[in-house]
Amino acid sequence: MESLIKTNWNDILLKLKEDYNITNVAFKTWITPLAFHSIEGDAIHIVFNGENPGMSISIIERKYMTQLRVVIEEVTGKEFSRIIITEPGMETASDGPHIQNDENYKLNLRLQEANLKPMYNFDSFIVGPNNSMAQAGALSVAECPGSYNPFFIYGGVGLGKTHLMQAIGNYIVENNEELKVLYTTSEAFTNELINIMRSGTKDNNDINEFRNKYRNVDVLMIDDIQFIIGKDRTQEEFFHTFNHLYMNQKQIIITSDKPPRDFDLLEERLRTRFASGSAVDVKNPEYETRMAILKQRASLTNYDINEDVFEYIADNIVTNVRELEGALKQITLYASLANQPITLSMAQEILKHIINPDANTKVDCRRIVEMVAEHYNIPVSDLLSSKKTKDIAYTRQICMYLCKKLTEETYAGIGRKLNRKDHSTVIHGVNKIAEDMEDNSSVKRNIEVLIKKINP
């Protein structure tokens, strides 16, 4: 069997690319460096011989593992229960995977159960004056869970709050096997609760399962807690979850776009509990930190990027880390597709729609739809489709409202951009959101956050 797989390995990888429509860039980055090593029982051992193996392996395991297993089974006619991918040097010479590989496999399972992404760790977090106190506090919590409780991280969009929170979780999972860790967002927490209430179940099995999920943990991490404002039932449930964990000396970690004292519309009992712990802020990165972030991210690619390109990006993108990374990704992607070296003139051309020191960011309906889709984790194709589920329809109305508020488009023009045949649908959507903003502070807050995202 080993000789069969070894002989057909290149064909297996090509079949994976063709069957699952993997792009050339992704195939070159993640799939081509995979090399078959050995078989042990019903497990296949593969070595990744590419750049940044730690992060790359986690991406492959998350995105391509199931597809790879299927293709191998189709080619060999044998079903393998496990595929183990390791870095070079971690394989044995003859007898298949070393025991350490099994430990890595178990670690990856624990990270998946905790909803954590391995690439978000302390090593990949760039520390500067804007975030040094937050990083020091986060490391203290990671080394001694419960030392600062609750631990509250706040700051603007895209500054690294989620990275820092997940770094705590990754550290704890890697170093405290007995502790159960769970990461979620306030939106996910709310949606789970809403689905339970919608189901109309007569017994308490669903709600008990929900409560057990969030209360039977040692470390609970809730991202973007500001989105529970205005959701009374969610606040009530989270209050009791918070109390249960706090009274049992379990670590609670929370992120938000502002400090606890500024939550004017949050229930007082929750606000005081948030404020009872340690709060640290993450500010906009200064120039030196922006340069360090760009160079660190660039080191994960195969490209030699000149200093003047880094300076151009760092000089012109000052708002957050996410935009810095996005700009670098656009440049490297274009260079890969065009098979060209990265130069300053190329960077200026590729980023001309993002970086324009002489004008404000152009806001159009396309940008609005893309930003709203990203914010609510809904595919753009769904927002532009005829789907009428409640969540998609309401999010589409938010797009209509923002298009009318932030652009010069007419109702009919907005309708065309969103694939609506009747402009009266747009008028209804705009009015609906305007009314909800007046009646519901949570809706108003969400719209304000979106406006800042769309046009900082």
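Calculation notes
- Residues numbered from 1 in each chain as written.
- Predicted model: local features only at pLDDT ≥ 70, side-chain atom pairs only at ≥ 80, totals over all residues.
- Heavy atoms only, no water.
- Helix = DSSP H or I, 4+ residues; strand = E, 2+ residues; numbered from the N terminus.
- Rg over C-alpha atoms; globule rule 2.2 N^0.38 Å.
- Contact = heavy atoms within 4.5 Å.
- Areas by Shrake-Rupley, 256 points an atom, 1.4 Å probe, with all protein chains shown as cover.
- Lys, Arg positive; Asp, Glu negative; His and termini not counted.
- Charge placed at Lys NZ, Arg CZ, Asp CG, Glu CD.
- Salt bridge = Lys/Arg side-chain N within 4 Å of Asp/Glu carboxyl O.
- Buried < 20%, exposed > 50% of the residue type's maximum accessible area, 1.4 Å probe, protein only.
- Axes fitted to C-alpha atoms, helices over the stretch in contact; angles between N-to-C directions.
- Left-handed = near helix turned anticlockwise from the far one by under 90°.
- Nonpolar A, V, L, I, M, F, W, Y, C, P; charged D, E, K, R; others polar.
- Pairing = 2+ DSSP bridges.
- Core = buried A, V, L, I, M, F, W, Y, C linked by side-chain atoms within 4.5 Å.
- Expected span 1.5 Å × (residues − 1).
- Phe/Tyr/Trp six-rings, centres within 6.5 Å; stacked < 30°, edge-to-face > 60°.
- Lys NZ or Arg CZ within 6 Å of the ring centre and 35° of its normal.
- pLDDT = per-residue confidence, 0-100.
- Right-handed = clockwise from strand over helix to strand, strands pointing away.

**Side note on the overall build of the chain**
Right, on to step 1. Along the chain, the regular secondary structure elements total 22 helices and eight strands.
Right, on to step 2. The C-alpha radius of gyration computed for the chain amounts to 24 Å, which stays within 12% of the reference 23 Å derived for 456 residues, consistent with globular compactness.
Right, on to step 3. For the chain, the spread of C-alpha atoms along the principal axes amounts to about 70 × 55 × 50 Å.
Right, on to step 4. For the chain, restricting intrachain contacts to residue pairs at least 6 apart in sequence, the fraction spanning at least 24 positions comes to 71%.
Right, on to step 5. Accessible surface computed for the chain: about 23100 Å², of which carbon and sulfur atoms make up 47%.
Right, on to step 6. The positive charge centre, built from 52 side chains, and the negative charge centre, built from 63, are 7 Å apart in the chain.

**Some points on the pattern of salt bridges**
Right, on to step 1. Taken as a whole and judged by the stated rule, the model has 18 salt bridges.
Right, on to step 2. Across the pair Glu192 and Lys213 runs a salt bridge, and its minimum N-O distance is 2.9 Å. You can see Glu192 sitting in helix 9 (residues 186-199) and its partner Lys213 sitting in helix 10 (residues 205-215), a full 21 residues away along the chain.
Right, on to step 3. With a relative accessible area of 26%, Glu192 lands in the partly exposed category.
Right, on to step 4. Each of the salt bridges in this network shares a partner with another, and the network as a whole consists of Arg211, Arg215, Arg233 and Glu237.

**Some details on the packing of helix 2 (residues 9-19) against helix 3 (residues 24-31)**
Right, on to step 1. The N-to-C vectors of helix 2 and helix 3 enclose an angle of 145°; their axes lie 11 Å apart at closest approach. In terms of crossing hand, the pair formed by helix 2 and helix 3 is right-handed. Within the contact between the two elements, helix 2 uses Leu13, Leu14, Leu16 and Lys17 and helix 3 uses Asn24, Phe27 and Ile31.
Right, on to step 2. Per-class residue counts for the contact of helix 2 with helix 3 are five nonpolar, one polar and one charged.

**Considering the pairing of strand 2 (residues 43-48)**
Right, on to step 1. With six of six residues buried, strand 2 lies mostly within the body of the structure.
Right, on to step 2. Covered by surrounding structure in strand 2 are Ala43, His45 and Val47 together with Ile44, Ile46 and Phe48, the residues of both alternating faces.
Right, on to step 3. Here strand 1 (residues 34-40) pairs with strand 2 via six bridges, running antiparallel. Within the sheet, the bridge partner assigned to Leu34 lies in strand 2 and is Phe48.
Right, on to step 4. A loop of two residues connects strand 1 with strand 2, the two strands running antiparallel in sequence, and Gly41 in this loop sits at a positive phi of about 65°.
Right, on to step 5. Of the pairings in the sheet, the one linking strand 2 to strand 3 (residues 82-86) comprises five bridges and is parallel in character.

**Thoughts on the nonpolar core**
Right, on to step 1. Counting 28 residues, the largest nonpolar core has Trp9, Ile31, Leu34 and Ile85 as its most contacted members.
Right, on to step 2. Contributions of two or more residues to this core are made by helix 2, helix 3, strand 1, strand 2, helix 4 (53-63), helix 5 (65-76) and strand 3.
Right, on to step 3. Apart from the residues within four sequence positions on either side, Leu34 is in contact with Trp9, Leu13, Ile46, Val47, Phe48, Ile60, Leu68 and Ile85.

**Topic: helix 19 (residues 390-406)**
For the α-helix, the turn length of 3.6 residues means that residues three or four positions removed from each other point alike.
Right, on to step 1. Across its 17 residues, helix 19 extends 24 Å between first and last C-alpha, which sits within 8% of the 24 Å expected from 1.5 Å per residue.
Right, on to step 2. Of the residues making up helix 19, those classed as buried are Ile392, Thr395, Arg396, Gln397, Ile398, Cys399, Met400, Tyr401, Leu402 and Cys403.

**Description of the sheet that holds strand 8 (residues 278-282)**
Right, on to step 1. Read across the open sheet, the five strands follow the order 5-6-7-4-8; overall the sheet is parallel. Each edge of the sheet is formed by a strand with only one pairing partner; in this case those strands are strand 5 (181-185) and strand 8. Strand after strand, the sheet turns through a mean of 15° between neighbouring axes, direction not considered.
Right, on to step 2. Inspection of the sheet shows strand 5 paired to strand 6 (residues 219-223) by five bridges, in the parallel sense. Each bridged residue has a counterpart across the sheet, and for Val181 the counterpart in strand 6 is Val219.

**A few points about the packing of aromatic side chains**
Right, on to step 1. Per the counting criterion, the structure on display carries 11 aromatic pairs.
Right, on to step 2. In this structure an aromatic cluster arises from ring pairing among Phe152, Phe189, Phe210, Tyr214, Phe238, Phe242, Tyr246 and Phe274.
Right, on to step 3. A cation over a ring is seen here: Lys17 above Phe27, with NZ or CZ 5.9 Å from the ring centre.

**Description of unusual backbone geometry**
Right, on to step 1. Geometrically, the link from Asn149 to Pro150 is a cis peptide bond, its omega value of -5° lying close to zero.
Right, on to step 2. Non-glycine residue Asn21 carries a positive phi angle of around 50°.
Right, on to step 3. Tracing the sequence through the fold places Asn21 in the loop between helix 2 and helix 3.

**Structural notes on the sheet that holds strand 1**
Right, on to step 1. Ordered in space as 1-2-3, the three strands form an open sheet in which the pairing is mixed. Each having just a single partner strand, strand 1 and strand 3 make up the two edges of the open sheet. Direction aside, the axes of adjacent strands within the sheet are offset by 25° on average.

**Examining the environment of Arg416**
Right, on to step 1. Mapped onto the secondary structure, Arg416 falls in helix 20 (residues 411-417).
Right, on to step 2. For Arg416 and Leu384, which are 32 residues apart along the polypeptide, the C-alpha to C-alpha distance reads 10.0 Å.

**Side note on the confidence of the model for the chain**
Right, on to step 1. Confidence in the prediction for the chain averages 84 pLDDT; 92% of positions are at 70 or higher.
Right, on to step 2. Between residues 92-101, whose pLDDT stays under 50, and residues either more than four places distant or in other chains, the model counts 16 contacts.

**Overview of the environment of Gln348**
Right, on to step 1. Along the polypeptide, Gln348 turns up in helix 16 (residues 344-350).
Right, on to step 2. Between the alpha carbons of Gln348 and Leu4 there is a distance of 50 Å; along the sequence they are 344 residues apart.

**Quick look at the pairing of strand 7 (residues 251-256)**
Right, on to step 1. Buried residues dominate strand 7, accounting for six of its six residues.
Right, on to step 2. Side chains Gln251, Ile253 and Thr255 of strand 7 all project onto a buried face; the interleaved residues Ile252, Ile254 and Ser256 project onto the opposite face, where all are buried too.
Right, on to step 3. Pairing of strand 4 (residues 151-155) with strand 7 involves four bridges; the strand directions are parallel. If you follow Tyr154 over to strand 7, its bridge partner there is Ser256.
Right, on to step 4. The parallel pair strand 6 and strand 7, bridged by helix 11 (residues 232-247), forms a crossover whose chirality is right-handed.

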